[in-house]
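Observations on the three-dimensional arrangement
What follows is each chain in one-letter form.
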Amino acid sequence: MWKSVSCEVQGLGHIRNNVLCQDKTLCLENNGVNVIVLADGAGSARLSHLGAVYVVETVSEFLSNNFNGLFECSDSVEVKVSILGSVRAKLREKSDELGCAISDLASTLLFVAVSDNRYIIGHIGDGVIGYLDGITLRVASFPNNGEFANETVFITSINADNAFNLFKGKVQSIIGFVIMSDGTEASLYHKKTGSLSKTIVRLIGKTFTYEKKVMESQLIATFENVIRQKTQDDCSIAILSRGNIGYDLINSMSYIEKYDSFKITTRPKDSVTRNRIKWYLKILRCINTEPKSIDEIFQQIGGKKQRLQRSINALLNSGCIQEKKGRYSFIG
Amino acid sequence: MYEEENLIEFDELVDNPTTRVPVCLCLDTSGSMDGDPIDELNKGVSMFYSAIRDDDIAKYAADICIATFGSGGARLDQDFAGVEDLQAPYFSAGGMTPMGEAVNIALDALERRKEEFKNSGVDYFQPWLVLMTDGEPNGNALELERAIQRTAEAVKNKKLTVFPIGIGSDADLNVLKKFSPGRTPLKLKGLNFKQFFEWLSQSVSRTSQSSPGETIKLDLDGIKGWGELY
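Just so it is clear, the structure is predicted and the values come from calculations on it, not from any experiment.

Helix and strand counts for chain A stand at eleven helices and 15 strands. Here the C-alpha radius of gyration of chain A, 22 Å, is about what a compact globule of 332 residues would show, namely 20 Å. A buried classification covers 48% of the 332 residues belonging to chain A. In chain A, the share of contacts with a sequence separation of at least 24, taken over all contacts with a separation of at least 6, comes to 70%.

Printed below as a string of structure tokens:
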């Protein structure tokens, strides 16, 4: 079962200048398809706050109504043309109604659609799309900026077709997806290394465990109090999750997936490696329900304390556990 | 209370560097600037640094370099850096007007800086080149030609914004024009350096707050406070 949340908050620059929030997000579950969509309206487009709404509504509806056909189509250009065609048709219709140019409704586009263990990811412009694969957080699509900070591609740009990143695949061990605008990027995406903040793992976990209403109100509070304080721009995010990192998830992985996740360097078939994986699982089961200190873990599972400390360090390095005030817990 | 509501705390945020606005000041400090002009230029640059430092956003975004042509030939007085911990340099007037050489030095510094930014994941806006002179260039003609070509091409390819500014009636308008296809050179009203640098700092501040897709509009009315068309 997939759960989704999203939020957008007006940027400090826009509050100061009395400009409406131009980031829009939407979560939709329709025809067995779960979709999250985000559009960041262009600062230079006078009605981009409306354009972004039309984009998220049209794309989510189009993906949920046509998922199977889009997924099965082997020609990615055809898929891009059909998605862009539906959005542009809507924007044309709306620009006629509003008496404006289609470019007045310009925005970026980021989406993830999931159905029956299959996903489609699409991205035009800046912002980031990431996913949690097992316990590893990865970037699916990087920001597409020009040389300068205020340059990007919009859905209405002439080169939008070429700049459209499109991926499809099997969900398999992926337990969550995240899409964010460039305002959020400033706080949750490390530009130099091209990697996402580990806090995303927690957000994916909580999207699954919290009630949607509770999660969304906490997300809005967090974005208002913390995320938008680092930028002048609007900030938005949408998350699609089907679980969180815990003992059950890791235990359900194949032997090789566990080996990869724990970042073990000894040969996979060595008996040393097998024993190490068993030992790591024992530690993880111990901290599954609540954070524990090393003494508490030691009391519960025994063994040698030095070895336990080394193993905990290795698990910290693997990124599946965290330490807070001397207590260890799953990173989610 | 916030601690309980927030899913993420400040200390967990990624620390990305502020997006920079690179500004090259390429300034005439030749002998003809002696007296009031050089004094006013010094006051203007000093005020520019203070105004940037006083602006909460611009102080982290502005990335300033200064090249001069005059006493000491053409040289890089200050390589690109933030103004926060820097004192404005002090210029004295003297020597010839090797403008081409100085512009090439400034453009080289800009290329190096952009490379540094790219390597360290720092975003930046389109750089600005402010070219101020009160005379006509008399350095190496080939260097001048190369500087004009490099600058005009960068402007044409939207890689650089140039502000050519003449000081007094002897400034060579035709040369300044060549550096700037599309933007007519402006003449500084009297010795209104202060007003010019005030306008420049405000423009840097505005640019540093713009977001992708936003067209950065220069405050044209503000220009009237310090400049006029030839």
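Let's pick the thread back up.
As paired strands, strand 14 (residues 321-324) of chain A and strand 15 (residues 327-330) of chain A are joined by four bridges and run antiparallel to one another. Among the inter-strand pairings, A:Ile321 is bridged to a residue of strand 15 of chain A, identified as A:Phe330.

Residues and elements named next belong to chain A. Per the domain assignment, the segments of chain A are domain 1 (3-244) and domain 2 (248-330). For domain 1 versus domain 2, the separation of C-alpha centres amounts to 35 Å. Taken together, the contacts link seven residues of domain 1 with seven residues of domain 2. Tallied by class, residues from the side of domain 1 that touches domain 2 come to two nonpolar, four polar and one charged.

Quick look at the nonpolar core now. With 93 residues, the main nonpolar core has A:Ile36, A:Val59, A:Phe111, A:Val112, A:Ala113 and A:Ile179 as its most contacted residues. Considering each element in turn, this core owes the most residues, ten residues, to helix 2 (residues 48-72) of chain A. Counting only domains with at least three residues in this core, you end up with domain 1 (3-244) and domain 2 (248-330) of chain A. Beyond its immediate stretch of four places on either side in the chain, A:Phe111 contacts A:Val35, A:Ile36, A:Val37, A:Val59, A:Leu63, A:Gly122 and A:Ile179. The next biggest cluster of nonpolar side chains, apart from the first, holds 62 residues, and it includes B:Phe48, B:Ile105, B:Ile167 and B:Phe193.

Criteria and thresholds
- Residues numbered from 1 in each chain as written.
- Chains lettered and ligands numbered in written order.
- Predicted model: local features only at pLDDT ≥ 70, side-chain atom pairs only at ≥ 80, totals over all residues.
- Helix = DSSP H or I, 4+ residues; strand = E, 2+ residues; numbered from the N terminus.
- Rg over C-alpha atoms; globule rule 2.2 N^0.38 Å.
- Buried ≥ 20, exposed ≤ 12 C-beta atoms within 10 Å, placed from the backbone.
- Contact = placed C-beta atoms within 7 Å.
- Pairing = 2+ DSSP bridges.
- Domains from an automatic or database assignment.
- Nonpolar A, V, L, I, M, F, W, Y, C, P; charged D, E, K, R; others polar.
- Core = buried A, V, L, I, M, F, W, Y, C linked by C-beta atoms within 7 Å.

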